[in-house]
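These are the residues of each chain, in order.
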Amino acid sequence: MTDLPALVVAVPLLGAVLTAAAGLIRSRTGWPIALLTALVQTVAALALARLTLDGPVRYVVGGYTAPYGIELVVDLLGASMVVLIAVVTLGVVAVARSLGPRSNTFFATVLLLVVGLTGMSVTGDVFNLYVFLEITGLSAYALVAAGEEGRSAVAALKYLIVGTVGASLYLLGIGYAYVATGTLNMAHLADELAVIGYDATLVQAAFGLMVVGLFVKVAVFPIHTWQPTAYAGAPDTVSALISALVSTVAAYALIRIVFTVFTVEFLVTNPAARAVLLAASAASIVAGSVLAVRQTEIKRLLAYSSVSQYGLVVGAIAVATPTALTGAAIHLVGHAVMKGALFLVAGLIATATGVRRIDDLDGLVDRTPVGAATFGVLALAMVGVPPAIGFVGKWFVALGAIEGGAWGLAVVIFASTLLTLAYFLRALERVFVRDAPSKERDPVPWVHRVTVVVAAVAVIALTLGAVEYAALIEPTIGRLLA
Amino acid sequence: MIEAVLERSYYVVVLALAGIGAYMTIGDRHLVKKVIGLNVFQTAIFLFFIAAAFVDGGSPPLLSAPAPYVSPLPHVLILTAIVVGVSLTAVALGLIVRIYNRYGTMHEDTLRELMADD
């Protein structure tokens, strides 16, 4: 069963080829094949996660042993990402049947995105990570452009240009690290970089370029500008999928690069690097929230809220205490479920009532009770009201920040919670308190309703598992910080 | 100073190309030229890898005879990166064709005006 790390990449790849090939024979056959692939992928991901409970799983690609060949290494953190990707894809593909787009090429591209994201989660090689990063990027650009309007094509092109510059900077960082060490394997790089010394200019330059490159992909302020355009311009299905997964896995890759390749020692030797991470984190948290307060469109508000939430994860990386990193792991999973579900709810509201702006949300509870209720639950979860998963992640990160002596960050997290409350309360007041202009409504397909209700329940249910998950992931975080 | 620059002429070229590429990507208002700028920027990074592959006085790992030696690994990496770059260009040009069909322009400023009217 040790072939599982390779299988979780191969299954969606095979599914994508099958979906595309089936489209040549009969169009509109994509949905069942994609759903079946997502199901198989979920089972494989869960099996992989179970294996990683006993420690990291290694897989030698093509029989060339590391450090000469490419190695796949999956620990519990990586496996959590693989499971998250599989489950979110399953939900989004299920909804896509009614919400569209429905073409075979669309479903093939969704599965290619899964290939890229899963690959990023399981790889143990920095260049392999770059290739999967670009596979993810290419499929994400194509998916954003899947909308009918010209606006989505413009958004996709902007996303492509910014994303490519980010990936290129990351590639340049790899070049520096390669020149310094002559290796690309993450574990081997960590050893070799320690030998060279973390205060060497070459090593510092490599760190800076790789981290800034990934910052673009995570959408850290001020290089977040692609995110609102892309999320708002994409079809609802795609917004849900990429908002839940793309930046999340990029943030996971950032954790990998900072702690597996450069290790905590690097942060200790270079206080400036830690200061930059902290500053970027605080700027993202505050700027994301402030910009979200000013938005008039629901999807843009959600996008700016993401900028703020990923700032929290970057903050946890800067603090680098076990508690903060546990918080980052929980928050990555929790945020993905909450934000993906919120975009699906935004799609549901638009299908049922045609509303896309916050000013038009008046009396939504009368027009689409399911949409209003799930929106309420998810918005409060996002703010961090217990007992939702949004609270647990923030709590651990704030606790870790205090432990690590980063009082400023703890204050920023608290302030941002109030700002998050401010922008969601503005919407919630309209949804629940004001009177509706009309009571007419369009029927929403049951799959769509069931999916958002399941997600809203999951946001609460995940909290029950969060403490247990924190205990399970402790050895993995310990290894990361060792 | 001049000697130091001459010794590192490869890197000077790489830096110049990267600067030109980045400037074109950000500064040029024409969408196709932006994509060309992106290509120039990526090519600068490819050249950096290829220049780094040459080890002065290095010898092949298997043959003991001192022969001119260039590390093959960066070449293989860049081959992959070129494939990625070509795919990116293809997607970008495809998107530009769609934008042109919809709005009838490839100029960013005109495009912004047209989109504001939508």
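Fair warning: this is a prediction, and the values are worked out from it, not measured in the lab.

Account for the overall build of chain B, naming residues and giving values.
For chain B, the helix and strand inventory stands at 5 helices and 0 strands. What you see in chain B, going N to C, is helices and strands ordered as α-α-α-α-α. In chain B, buried positions account for 34% of the 118 residues. Partitioning the contacts of chain B with sequence separation of at least 6, the portion at a separation of at least 24 is 47%. Here chain B displays about 7,300 Å² of accessible surface, and carbon together with sulfur accounts for 69% of that area.

Break down the overall build of chain A for me, with residues and values.
Helices and strands together make up the secondary structure of chain A, namely 19 helices and 2 strands. The C-alpha atoms of chain A give 21 Å as radius of gyration, which agrees with the globular expectation for 482 residues (23 Å, within 12%). Principal-axis analysis of the C-alpha atoms places the extent of chain A at approximately 70 × 60 × 40 Å. Counting across all 482 residues of chain A, residues that qualify as buried make up 63%. Just so you have it, chain A exposes about 16,700 Å², and 68% of that area is on carbon and sulfur atoms. Seen as two clouds, the 26 positive and the 25 negative side-chain charges of chain A have centres 9 Å apart.

An account of the domain arrangement of chain A is requested, with residue identities and associated values reported.
Accessible area lost when the parts come together is the quantity often used to give the size of an interface. All names here are of chain A. Considered domain by domain, chain A is made up of domain 1 (1-269) and domain 2 (272-481). For domain 1 versus domain 2, the distance between C-alpha centres works out to 22 Å. Counting from both sides, the interface comprises 48 residues of domain 1 and, opposite them, 46 residues of domain 2. Counting each side, the surface lost to burial between domain 1 and domain 2 is near 3,900 Å², with a carbon and sulfur contribution of 76%. For domain 1, the biggest contributors to the area lost against domain 2 are F221, D236 and F259; these three give 15% of the whole. The interface formed by domain 1 and domain 2 holds 3 salt bridges in total. Looking at the side of domain 1 that touches domain 2, the elements with two or more residues in it are α3 (76-99), α8 (201-218), α9 (226-233), α10 (236-261) and α11 (263-269). At 15 residues, α10 tops the list of elements feeding residues into the side of domain 1 that touches domain 2. Residues belonging to the side of domain 1 that touches domain 2 are distributed by class as follows: 32 nonpolar, 12 polar and 4 charged.

Go over the nonpolar core, please, and point to the residues and values.
Looking at soluble globular proteins, one finds that nonpolar side chains tend to be buried together. Residue and element names in this part refer to chain A. Counting 206 residues, the largest nonpolar core has V126, Y130, Y170, I174, F259 and F262 as the members making the most contacts within it. Looking at which domains feed residues into this core, each of domain 1 (1-269) and domain 2 (272-481) gives three or more. Apart from residues lying up to four places away in sequence, V126 is in contact with Y170, I174, L184, M186, L189, M210, I257 and V261.

If you had to explain the packing of helix α4 (residues 104-122) of chain A against helix α5 (residues 126-144) of chain A to someone new, which residues and values would you point to?
For any two helices packed against each other, one specifies the crossing angle of their axes together with the interaxial distance. Residue and element names in this part refer to chain A. For the pair α4 and α5, the least separation of the axes is 8 Å and the interaxial angle reads 155°. Relative to α5, the element α4 is oriented roughly antiparallel. In terms of crossing hand, the pair formed by α4 and α5 is left-handed. Of the residues in α5, those in contact with F106, T109, V110, L112, L113, V115, G116, L117, G119 and M120 of α4 are L129, F132, L133, I135, T136, S139, A140, A142 and L143.

Describe the UniProt feature "domain: NADH:quinone oxidoreductase/Mrp antiporter transmembrane" (unreviewed entry) in chain A, and please don't skip the residues or the numbers.
Mapped onto the present numbering, the UniProt feature "domain: NADH:quinone oxidoreductase/Mrp antiporter transmembrane" (unreviewed entry) falls at residues 124-420 of chain A. Each end of residues 124-420 of chain A is marked by a C-alpha atom, and these two atoms are 36 Å apart; helix forms 83% of the span and strand 0%.

Describe the UniProt feature "transmembrane region" (unreviewed entry) in chain B, with residues and values.
Within the UniProt annotation, "transmembrane region" (unreviewed entry) is assigned to residues 6-24, 36-55 and 75-97 of chain B. Helix and strand shares over residues 6-24 of chain B are 95% and 0% respectively, and the end C-alpha atoms of the span are 26 Å apart.

Conventions adopted
- Residues numbered from 1 in each chain as written.
- Chains lettered and ligands numbered in written order.
- Predicted model: local features only at pLDDT ≥ 70, side-chain atom pairs only at ≥ 80, totals over all residues.
- Heavy atoms only, no water.
- Helix = DSSP H or I, 4+ residues; strand = E, 2+ residues; numbered from the N terminus.
- Buried < 20%, exposed > 50% of the residue type's maximum accessible area, 1.4 Å probe, protein only.
- Contact = heavy atoms within 4.5 Å.
- Areas by Shrake-Rupley, 256 points an atom, 1.4 Å probe, with all protein chains shown as cover.
- Rg over C-alpha atoms; globule rule 2.2 N^0.38 Å.
- Lys, Arg positive; Asp, Glu negative; His and termini not counted.
- Charge placed at Lys NZ, Arg CZ, Asp CG, Glu CD.
- Domains from an automatic or database assignment.
- Buried area = accessible area lost by both parts, 1.4 Å probe.
- Salt bridge = Lys/Arg side-chain N within 4 Å of Asp/Glu carboxyl O.
- Nonpolar A, V, L, I, M, F, W, Y, C, P; charged D, E, K, R; others polar.
- Core = buried A, V, L, I, M, F, W, Y, C linked by side-chain atoms within 4.5 Å.
- Axes fitted to C-alpha atoms, helices over the stretch in contact; angles between N-to-C directions.
- Parallel < 35°, antiparallel > 145°, perpendicular 65-115°, else oblique.
- Left-handed = near helix turned anticlockwise from the far one by under 90°.
- UniProt positions renumbered as here; feature names shortened; annotations may be inferred.

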